[in-house]
Amino acid sequence: ITCPLRFFLSYISGLKPDTDPLEGINAPLIGDIFHDTAEIVYKRIIQRPGSHVIQRNTLAELLSDMEGLVGPILDIVFDTVYFHPADRWRRSEEAWKMVCQQARPGNQYTGELIIIRKVLMQYLTNLLRFDMRHTPFRIIDTEADKLFNIKCAALNVKTGGRIDRIDEMDGHIRIVDYKTGNHVPSIKDMSEVTGTAGKHEGYFLQAFLYSYAVLYGDKPQLPVVPALFYPAKAYQEDY
């Protein structure tokens with residue numbers, strides 16, 4: 001909707017811009033590192049007791065030693081995303097394997113990378129603190145691929161995407177999409193979500209499409225809530 005040519009070049013032709021580690025780390029990569037680290041942190045949590053229910057004491061333990069318990073995971077993800085980039089769709093699997101092997105990559109954080117790592121640790125702290133205020137809750141899935149079909153005239157289009165996190169919290173199924181950027185959108189009505197003229201907020205459309213994909217495929221019994229989560233803002237008690 002924003003740029004049909006960009007969509008064609010990226011998703012139809014499959015062209016991707018070259019990246020050079022010497023040019024520094026960009027905003028999308030920062031988002032990727034946060035996403036993959038958050039996924040693995042919760043994957044480890046639910047693996048240990050064999051339960052997807054997250055308790056307050058578990059998150060409190062992580063928050064009491066972020067550098068010792070979360071820091072190594074962040075370093076591994078940094079390695080698979082930035083220092084030794086793995087294939088995007090296998091990246092989290094590679095990082096998870098390294099976490100299970102208790103790997104210790106020798107990342108050399110210099111200059112802006114030192115600052116970015118600190119920022120990401122604060123983002124992860126904000127996420128865990130927010131979640132601790134809402135315990136107990138249940139993680140249903142992370143990085144889940146959900147698709148559905150749209151039939152229009154002679155076309156049958158499959159759409160959807162990879163959902164950062166699906167959980168059950170406060171009597172709702174939340175479809176959570178992490179946003180590490182600073183742009184926090186607002187809308188006046190649905191024309192700004194689905195319209196093609198004037199203002200268009202893609203974040204909202206994305207969240208609604210993901211939510212519909214869950215409704216379409218899983219048919220949950222609880223209400224489904226799209227949730228855009230901004231870790232940079234979540235330090236506020238009333239967030």
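Residues numbered from 1 in each chain as written. Predicted model: local features only at pLDDT ≥ 70, side-chain atom pairs only at ≥ 80, totals over all residues. Heavy atoms only, no water.

Visitor: Explain the overall build of the protein chain to me, using residue names and the numbers behind them.
Guide: Looking only at helices and strands, the protein chain features nine helices and five strands. Ordering the α and β elements of the protein chain from the N terminus gives α-α-β-α-α-α-α-α-β-β-β-α-α-β. Its C-alpha radius of gyration of 19 Å places the protein chain within 12% of the 18 Å reference for a compact globule of 239 residues. Taking the principal axes of the C-alpha coordinates as reference, the protein chain spans close to 55 × 45 × 30 Å. Out of the 239 residues belonging to the protein chain, those deemed buried represent 42%. Nonlocal contacts in the protein chain, meaning residues at least 24 apart in sequence, comprise 67% of its contacts between residues at least 6 apart. Summing over all exposed atoms, the protein chain offers an accessible surface of approximately 13900 Å²; the carbon and sulfur share of this is 54%. Between the averaged position of the 27 positive side-chain charges in the protein chain and that of its 30 negative side-chain charges there is a distance of 3 Å. (Helix = DSSP H or I, 4+ residues; strand = E, 2+ residues; numbered from the N terminus. Rg over C-alpha atoms; globule rule 2.2 N^0.38 Å. Buried < 20%, exposed > 50% of the residue type's maximum accessible area, 1.4 Å probe, protein only. Contact = heavy atoms within 4.5 Å. Areas by Shrake-Rupley, 256 points an atom, 1.4 Å probe, with all protein chains shown as cover. Lys, Arg positive; Asp, Glu negative; His and termini not counted. Charge placed at Lys NZ, Arg CZ, Asp CG, Glu CD.)

Visitor: Summarise the pairing of strand 3 (residues 155-169); cite the residues concerned and give the values.
Guide: A regular strand carries its side chains on alternate faces of the sheet. Strand direction decides the pairing type here: strand 2 (residues 137-152) and strand 3, joined by 13 bridges, are antiparallel. Note that in strand 3 the partner of Asp145 across the bridge is Arg162. Joining the antiparallel neighbours strand 2 and strand 3 is a turn of two residues, in which Ala153 adopts a positive phi near 55°. Alignment of strand 3 against strand 4 (residues 172-178), held across five bridges, turns out to be antiparallel. Across the sheet, Arg165 pairs through a bridge with Val176, a residue of strand 4. Once strand 3 ends, the chain turns through two residues before running back antiparallel as strand 4, passing Asp170 with a positive phi of about 55°. (Pairing = 2+ DSSP bridges.)

Visitor: Account for the side chain of Ser211, with residues named and values stated.
Guide: Within the secondary structure, Ser211 sits in helix 9 (residues 202-218). Exposure remark for Ser211: the relative accessible area of 5% places this residue in the buried category. Here Ser211 is in contact with Ile175, Val224, Val225 and Pro226, once residues within four sequence places are set aside.

Visitor: Help me get a handle on the packing of aromatic side chains, residues and values and all.
Guide: Under the counting rule described, the total for this entry stands at 15 aromatic pairs. Arranged with centres 5.1 Å apart and planes meeting at 85°, the rings of Phe78 and Tyr109 form a pair that is edge-to-face. Here Phe78, found in helix 5 (residues 71-83), pairs with Tyr109, found in the loop between helix 6 (91-100) and helix 7 (112-132); they are 31 residues apart in sequence, far enough to count as distant. Exposure remark for Phe78: the relative accessible area of 0% places this residue in the buried category. (Phe/Tyr/Trp six-rings, centres within 6.5 Å; stacked < 30°, edge-to-face > 60°.)

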